[in-house]
Amino acid sequence: MVKLQLPNPGLDNRIPSHVELETIEKEEADTRPKWDNKAQYMLTCIGFCVGLGNVWRFPYLCQSHGGGAFMIPFLILLVLEGIPLLHLEFAIGQRLRKGSVGVWSSIHPTLKGVGIAAMLVSFLVGLYYNTIIAWVMWYFFNSFQEPLPWSDCPLNANRTGYVEECAKSSPVDYFWYRETLNISTSIDDSGTIQWWLLLCLTCAWGVLYVCTIRGIETTGKAVYVTSTLPYVVLTIFLIRGLTLKGSVNGIVYLFTPNVTELANPVTWLDAGAQVFYSFSLAFGGLISFSSYNSIHNNCEKDAVIISIINGFTSIYAATVIYSIIGFRATERYDDCFGRNILTLTNAFDLPEGNVTQENFEQMQKWFNMTDPVTFVGLKFETCNLESFLTDGVEGTGLAFIVFTEAITKMPVSPLWSILFFIMLFCLGLSSMFGNMEGVLVPLQDLNIVPKKWPKELVTGLICAGSYLLAFIFVLNSGNYWLALFDSFAGSIPLLIIAFCEMFSVVYIYGIDRFNKDIEFMIGHKPNIFWQATWRVISPLIMLVIFFFYFVVKVNQELLYIIWDPNYDQFPKSERVGYPDWVYAIIVILAGVPCLVIPGFAIYKVIRNCCQEQDGREGLVISVSELSVNGDLKNHA
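Predicted model, so just to flag it, every value in this text is computed and none were measured.

### Points about the pairing of strand E1 (residues 559–562)
Stage number 1. Residues of E1 alternate between two faces, with Tyr 560 and Ile 562 buried on one and Leu 559 and Ile 561 left unburied on the opposite face.
Stage number 2. Sheet topology places E1 next to strand E2 (residues 574–577); 4 bridges connect them, and they run antiparallel. Considered in E2, the bridge of Ile 562 is made with Glu 574.

### A short note on the confidence of the model for the protein
Stage number 1. When pLDDT is averaged across the protein, the result is 89; 95% of the residues are at 70 or more.
Stage number 2. Per-element confidence in the protein is highest for helix H10 (residues 195–212), whose mean pLDDT is 97, and lowest for helix H26 (residues 582–635), whose mean pLDDT is 72.
Stage number 3. pLDDT under 50 marks residues 619–636. Its contacts with residues more than four places away, or in other chains, come to 0 contacts.

### Examining the packing of aromatic side chains
Two descriptors summarise a pair of aromatic rings, namely the distance from one centre to the other and the angle between the planes of the rings.
Stage number 1. Under the definition given, this model contains 54 aromatic pairs.
Stage number 2. Consider the rings of Tyr 139 and Phe 400, whose centres lie 5.0 Å apart with planes at 40°: the pair is tilted. Placement of the pair is Tyr 139 in helix H7 (residues 112–141) and Phe 400 in helix H20 (residues 396–408), with a sequence separation of 261 residues.
Stage number 3. Judged by its relative accessible area of 0%, Tyr 139 is buried.
Stage number 4. An angle of 80° between the planes, with centres 6.4 Å apart, marks the rings of Trp 150 and Phe 421 as edge-to-face. Note that Trp 150 is positioned in the loop between H7 and helix H8 (164–168) and Phe 421 in helix H21 (residues 413–445), a separation of 271 residues in sequence.
Stage number 5. Judged by its relative accessible area of 1%, Phe 421 falls in the buried class.
Stage number 6. Arg 513 extends its terminal NZ or CZ atom over the ring of Tyr 509, reaching a point 5.8 Å from the ring centre.

### Some words on H21
Stage number 1. An ideal rise of 1.5 Å per residue puts 48 Å on 33 residues; H21 measures up with 49 Å between its terminal C-alpha atoms.
Stage number 2. In the stretch just after H21, Asn 447 is the one whose phi turns positive, near 60°.

Conventions used here
- Residues numbered from 1 in each chain as written.
- Predicted model: local features only at pLDDT ≥ 70, side-chain atom pairs only at ≥ 80, totals over all residues.
- Heavy atoms only, no water.
- Buried < 20%, exposed > 50% of the residue type's maximum accessible area, 1.4 Å probe, protein only.
- Helix = DSSP H or I, 4+ residues; strand = E, 2+ residues; numbered from the N terminus.
- Pairing = 2+ DSSP bridges.
- pLDDT = per-residue confidence, 0-100.
- Contact = heavy atoms within 4.5 Å.
- Phe/Tyr/Trp six-rings, centres within 6.5 Å; stacked < 30°, edge-to-face > 60°.
- Lys NZ or Arg CZ within 6 Å of the ring centre and 35° of its normal.
- Expected span 1.5 Å × (residues − 1).

And the structure:
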């Protein structure tokens, strides 16, 4: 085992001893928040870890990387990367009883930048994440009508046909891109604020403020609903999905492994990234949540339970989503076949019902032989069920396009729409609780806000500031900005923060000291699995993911997807390059949180050197003055 430990003078003075911890816990009983019960803590952590990514990013990655084959690297890396880092964050937060900034500055003053970086990432991710909740609320409000507004195209101004943009694409595409986003054709074209989205954004930040107004004292109550309701809704959708025609096709497609994908390094890279993001690691929220626990809480058991629930939720949600996607694909396949049958029926004036899916190919051959001249002039669509199943859409498109289209084909569609968007709202809101905690506690630790300010005021200022900055996401170009934040604010910075966290605990705090802490807290030392993953395996995996991610991004032209009705291949989305000024935004989003870590460390070292030099000069001056005064006194 690796026993390397860097020198860390003064550590014992910065952290409380095991004996002092017991006293501190009793003293803090009335001043520091704590969980009402264990269930409240577990539900809060589950709500933070299990978010929108489990519902739409994981199913898309399964579809992109060989279905069931993707689950093999996902589960392997969940064990070797996700669980060890989750346990480490729980344990160090519980041991030092502070938020992310307090924990890392206690381990070493130069590491405060790690906590600041986590706070910045939590803030940036929270900005756009709550905008997605605003979109969910817009769809939720529009679900209380029959038929659903995205089930049919609107009529044009003359009421002689459908709006051209909708007729060329589809009702769900039109409602999403035009009625909801009113999207521009480039990120350069900012446009104006869309008032309906601004109202929803106001509601989203208002609800979040009410739920987080007093930190865990209020969020702890809300999670009983926000963390459990999604599982109820997912189960209802699974039961409903299994009764729909073609749902089994989707589930079979999801779990049929394409083993050749295991040889693709990008599959492993995406699996590692998905494990990492799905646990909400390195945001600082989990460290804060665990710091409110009793000192003898079994954090190892908590980490394992939450990891199992998180992995299960990803696979369970993918099963539900693909049962609905299977139904949608079958419906589109039947519609495609129906149009082909109609073409053949009309061309040869056949009685209705003579041509079916079962005898379609035989009828084609028959008319090709008996009337080849007429048959050659017919145009048939290519209907392939697998192509409809593989027609996946990542991220927001899966929720707001694919799923909404499937819902329109269900009986009593408004009911299913209401349930679906309630589920997304709960998933998003419970994740935002952790993001808010990851911003609020570090701000208090940094003494940026006066301690006498009530928590309600500080929370209100954070929400208000975030709300104003989030106006950028409700412009005509808002969706492009959100995709930019999603791609860069929560990617590389989180990876670097997590690596610094693990390295700091193992090699600066000291793995032996950490082992003794855990033994004191839970009654036994961490076993060989934790030792191997903390010291070598997990840091190595993070370095490999970072290296491959960096290589892929450097060699890849940065493109973004635009919606342009004038595109010659419309309704296909067009990929275009970012304008040059966007690269400065990318540097701010991805670079600033990363550079804060070494930047603060360098600042701290320089400051310490200057203070030591000033201290020595002050000592020399004071000694000289004493001797001179003494001489003068003696002389007198």
